[in-house]
Amino acid sequence: MASDIEPAEKDATPSSKESPEPTAPAHATSARDAWYPAGKRDLFILRELVSKDFKLKYRRSVLGVIWSVLNPLLMMLVMSLVFSFFLRYDNIEHYPLYLIVANITWQVFADSTNAGMMSIIDAAPLLKKVRVRKSVFPVEKVLFSLVNFLFSLIAVFIVMLWEGVPPTPMMLLAPVCIVLLMLFCVGLSLLLSALAVFFRDLIHLWSVLLMAWMYATPLFWPVSMIEQVPYHFVRVLMYVNPMYNFVTFMRDTVIYSTLPPTEVIVSCVVWALVSLGLGLLVFRSRERRFILFI
Amino acid sequence: MQDTLKLDGGGSVFLGLSSTSIRVGDKLEVTPHFRGVEKENFLCNYVWNLEGSWDKGDFDSTIEHVGHTIPRYTWEFVPKRPGRYRIAVDIEDSNRRFLGNIERWVIVAGKNSFMRPPVPPADAPTAVLAQDVSMIFNIASEQFNSLKEYFIAAAKHELTFKEFRALDHISFEVKHGEAFGLVGTNGSGKSTMLKIIAGVLEPSSGKVSVSGTIAPLIELGAGFDMELTAKENIYLNGALLGYRKDFIDEHFQDIVDFAELDGFMDMPLKNYSSGMVARIAFAIATVTEPDILIVDETLSVGDFLFQQKCEKRIKELVESDNVTVLLVSHDISLVERICDRVCWIEKGHMRMLGETDEVCEAYRSLERD
């Protein structure tokens, strides 16, 4: 229809109602201004998702969040009994502490990569509905396991009291290790979650891989045993193993109150950066195609 | 159907309507505009009729007979019931020789139903711009039952994927404040287009740029977890929609009031009926006033009372000048009532893009085939 006609046409259109927010009294934030700018919404999403996971984990359990403390304690108890009686590792100084520090460090790694790997696949119904930055899901899983990790630190303090190991200023370096470990886990979770979308077989493979990795890391056996491994390249692998380095970093600062060897610190930094870089690279290049495969 | 008639002597006459979309009881002015000729040399017969009900007496006409001292050139049309009306004026010369007629459609909405928002000016800023958008899905043409079969096929280069083009070079522009419709039969790619605009899907080629905030009323209740309470779900869903926390804090009571679920907020969602869940989801999605509202044909949820409430809320949003509306539907009458312009997508191809009346007319003719 010709558009050069009668401006009167528009004026005579019945005026639409000018009451967009009928129920709202004077609010500081109007309904037009309800959104975070695109880059700033992720923090709130992360917070809500972590709080959701946290609530779901402990809802309907009597002891609730106490389990986060109790669980590592009981695990440590079982393992220290088993390994000191059957495998005679009790010659290690402060063996219960040696165990629990390594265990919770391993646990945060295993939990976050396991959950992180599944995060994109599990978020499929959500990703098909709303526009969300996809990387929040793996990152959220790592943050959630960090929350559990922080609770299990209480268990570590209890064991320290029991073992009579006093806290020292060197412990203040432990958060550095935790931050590096988080970056390492975030990178690995990004990588795994992206790959798992395309190769579901990875999900099954990863649990086997984690088990092998756990035995290859001196969690419950003495670090000195690495020297007894016959092949040189295996020894090198075991020293390069990122989890060996993170566990050693934690033990040195928390139990032995010494500065970890330089190569351990450097390894931790390098592994954190390599993992994060690789994870971001793969995730970024693949994330556009996720929606077609989930 | 033509709204302009060329007259001898270089003139023309165009059927002017004060609106093409009114409500029952509203007054519509019908005026033929003569250009380049003296209107006193012509006689006009005005006729209106409700589409498809000529035989039911839903029509009226005034014949201005020759010899009338003051020929009429304007009429008032006040419809008594909703529907699609044909407004026509027959043009005769002073000798009562029939020259032709000019006619246009008018959509008359019921008292409480949707209205087209005012057409934005031509220089209004762009809200949504789709440039040459194509979407291709790969469908594996064979199903492999074992890894061995897969590798054998891969080695023989027999791993073929059937390309499915859900959208094929679609381009359109939606102005700020406009109501834009996407029509098409089932599986024609309408929803894919909406998902691309909402940012859920990325187009295989082409570009969609959107300026402003979007409220997609396509998939409600994203991220709802049945184990969490309604309150927790409101915050979670709000966060995923990008709402600010302080906004949800302040408007929490509005959401609860709209959903009419006061006192149920600390109950896990699994104890809700599906209607209650849908109400909550709708209330969260519509508590804001977005720049761009994406509406799927499932406009309303819940029981009939709540459906009316939903429609009222969407109506408020649609009729607001600030909101750009993207409506997807195969219910053509809804599109006609709401939209200014329509894009017709058929099997992924853009069949037509233009004024609502033109496109809907063409789409209807497809229905009749």
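Residues numbered from 1 in each chain as written. Chains lettered and ligands numbered in written order. Predicted model: local features only at pLDDT ≥ 70, side-chain atom pairs only at ≥ 80, totals over all residues. Heavy atoms only, no water.

### Quick notes on the overall build of chain A
Along its length, chain A carries eleven helices and zero strands. Seen in sequence order, chain A has helices and strands lined up from the N terminus as α-α-α-α-α-α-α-α-α-α-α. Looking at chain A residue by residue over its 294 residues, the buried ones come to 49%. For chain A, contacts bridging at least 24 residues in sequence account for 77% of all contacts bridging at least 6. (Helix = DSSP H or I, 4+ residues; strand = E, 2+ residues; numbered from the N terminus. Buried < 20%, exposed > 50% of the residue type's maximum accessible area, 1.4 Å probe, protein only. Contact = heavy atoms within 4.5 Å.)

### Some remarks on the overall build of chain B
Helix and strand content of chain B: eight helices and 18 strands. Across the 369 residues of chain B, 53% fall into the buried class. Looking at chain B alone, contacts between residues at least 24 apart form 69% of all its contacts between residues at least 6 apart. If you sum the accessible surface of chain B, you get close to 16400 Å²; carbon and sulfur atoms cover 51% of it. (Areas by Shrake-Rupley, 256 points an atom, 1.4 Å probe, with all protein chains shown as cover.)

### Section: the interface of chain B and chain A
Quite often, the size of an interface is put as the accessible area lost when its parts meet. Each partner contributes to the interface: chain B provides 61 residues, whereas chain A provides 47 residues. Where chain B abuts chain A, roughly 5200 Å² becomes buried across the two surfaces, and 56% of that area is made up of carbon and sulfur atoms. On the chain B side of the contact with chain A, L240, R244 and E289 of chain B bury the most area, a combined 13% of that side's loss. Taken together, chain B and chain A are joined by four salt bridges. Inspection of the chain B/chain A interface yields seven residue pairs in polar contact (both at pLDDT 80 or more). Residue assignment for the side of chain B that touches chain A shows that the elements contributing at least two residues are strand 2 (12-17), strand 4 (28-35), strand 10 (126-140), helix 2 (190-198), helix 3 (230-240), helix 4 (245-259), helix 6 (304-319) and helix 8 (356-368) of chain B. (Buried area = accessible area lost by both parts, 1.4 Å probe. Salt bridge = Lys/Arg side-chain N within 4 Å of Asp/Glu carboxyl O. Polar contact = N/O pair within 3.5 Å; in protein donor to acceptor, adjacent residues only side chain to side chain.)

### Examining the packing of helix 4 (residues 95-122) of chain A against helix 10 (residues 242-254) of chain A
Residue and element names in this part refer to chain A. Relative to each other, helix 4 and helix 10 sit at 135°, their axes nearing to 9 Å. Considering the angle they form, helix 4 stands oblique to helix 10. As for the relative orientation of helix 4 and helix 10, their crossing is right-handed in sense. On helix 10, the residues touching Y98, V101, A102, T105, W106 and F109 of helix 4 are M243, F246, V247, M250, R251 and V254. Among the residues forming the contact of helix 4 with helix 10, the class breakdown is ten nonpolar, one polar and one charged. (Axes fitted to C-alpha atoms, helices over the stretch in contact; angles between N-to-C directions. Parallel < 35°, antiparallel > 145°, perpendicular 65-115°, else oblique. Left-handed = near helix turned anticlockwise from the far one by under 90°. Nonpolar A, V, L, I, M, F, W, Y, C, P; charged D, E, K, R; others polar.)

### Re the side chain of D291 of chain B
Position of D291 of chain B relative to the elements: it lies in the loop between helix 5 (274-285) and strand 15 (292-295). On the basis of relative accessible area, D291 of chain B is assigned to the buried category, the value being 19%. Sequence-distant contacts of D291 of chain B, that is, excluding residues within four places in its chain, are made with R32 of chain A together with G212, T213, N322, V323 and T324 of chain B.

### A few points about the packing of aromatic side chains
Under the definition given, this model contains 32 aromatic pairs over all chains. Between Y235 of chain B and F252 of chain B, the ring centres sit 6.0 Å apart and the planes meet at 25°, which makes this aromatic pair stacked. Of this pair, Y235 of chain B sits in helix 3 while F252 of chain B sits in helix 4, and the two are 17 residues apart along the sequence. No difference in accessibility class separates Y235 of chain B from F252 of chain B, as the two residues are buried. For the ring pair F264 of chain B and Y272 of chain B, a centre distance of 6.4 Å and an interplane angle of 75° mean the geometry is edge-to-face. Exposure remark for F264 of chain B: the relative accessible area of 32% places this residue in the partly exposed category. Within the aromatic cluster, the residues linked to one another by ring pairs are W106, F109, F184, W206, W213, F246 and W271 of chain A. For R251 of chain A, the ring lying beneath its charged end belongs to Y98 of chain A, and the centroid distance is 3.4 Å. The side chain of R279 of chain B reaches across the aromatic face of F306 of chain B, ending 5.0 Å from its centre. (Phe/Tyr/Trp six-rings, centres within 6.5 Å; stacked < 30°, edge-to-face > 60°. Lys NZ or Arg CZ within 6 Å of the ring centre and 35° of its normal.)

### Topic: the confidence of the model for chain A
For any part of a model where pLDDT is low, the fine detail of the predicted coordinates should not be relied upon. All names here are of chain A. When the pLDDT values of chain A are averaged, the result is 87; 90% of them are 70 or greater. Within chain A, helix 7 (residues 174-198) carries the highest mean pLDDT (96), whereas helix 1 (residues 8-11) carries the lowest (38). Contacts for the low-pLDDT stretch residues 1-25, under 50 throughout, to residues beyond four places or in other chains number 35 contacts. (pLDDT = per-residue confidence, 0-100.)

### Section: the nonpolar core
In this structure, I100 and F109 of chain A together with I280 of chain B are the most contacted members of the largest nonpolar core, which totals 144 residues. Discounting chain neighbours no more than four positions away, the residues touching F109 of chain A are F184, C185, L188, W206, L210, W213 and M243 of chain A. Counting residues in each nonpolar core, the second largest holds 28 residues, with A127, V133, L194 and I214 of chain B among its members. (Core = buried A, V, L, I, M, F, W, Y, C linked by side-chain atoms within 4.5 Å.)

### Here's the deal with the pairing of strand 8 (residues 83-93) of chain B
All names here are of chain B. When you tally the buried positions in strand 8, you get nine out of eleven residues, the bulk of the element. Here nine bridges tie strand 5 (residues 42-50) to strand 8, and the two strands are oriented antiparallel to one another. Of the residues in strand 8, the one forming a bridge with V47 is A88. When strand 8 meets strand 9 (residues 98-109), the two strands line up antiparallel, connected through ten bridges. (Pairing = 2+ DSSP bridges.)

### Points about unusual backbone geometry
If you check the backbone angles, H94 of chain A has positive phi at about 50° while not being a glycine. With respect to the secondary-structure elements, H94 of chain A resides in the loop between helix 3 (66-86) and helix 4. For D132 of chain B, which is not glycine, the phi torsion reads 55° and is therefore positive.

### Section: the sheet that holds strand 4 of chain B
Residues and elements named next belong to chain B. The antiparallel open sheet is built from four strands, whose spatial order is 1-2-4-7. Strands at the two margins of the open sheet, each flanked by one partner only, are strand 1 (4-6) and strand 7 (75-77). The sheet shows a mean angle of 20° between the axes of neighbouring strands, direction not considered.

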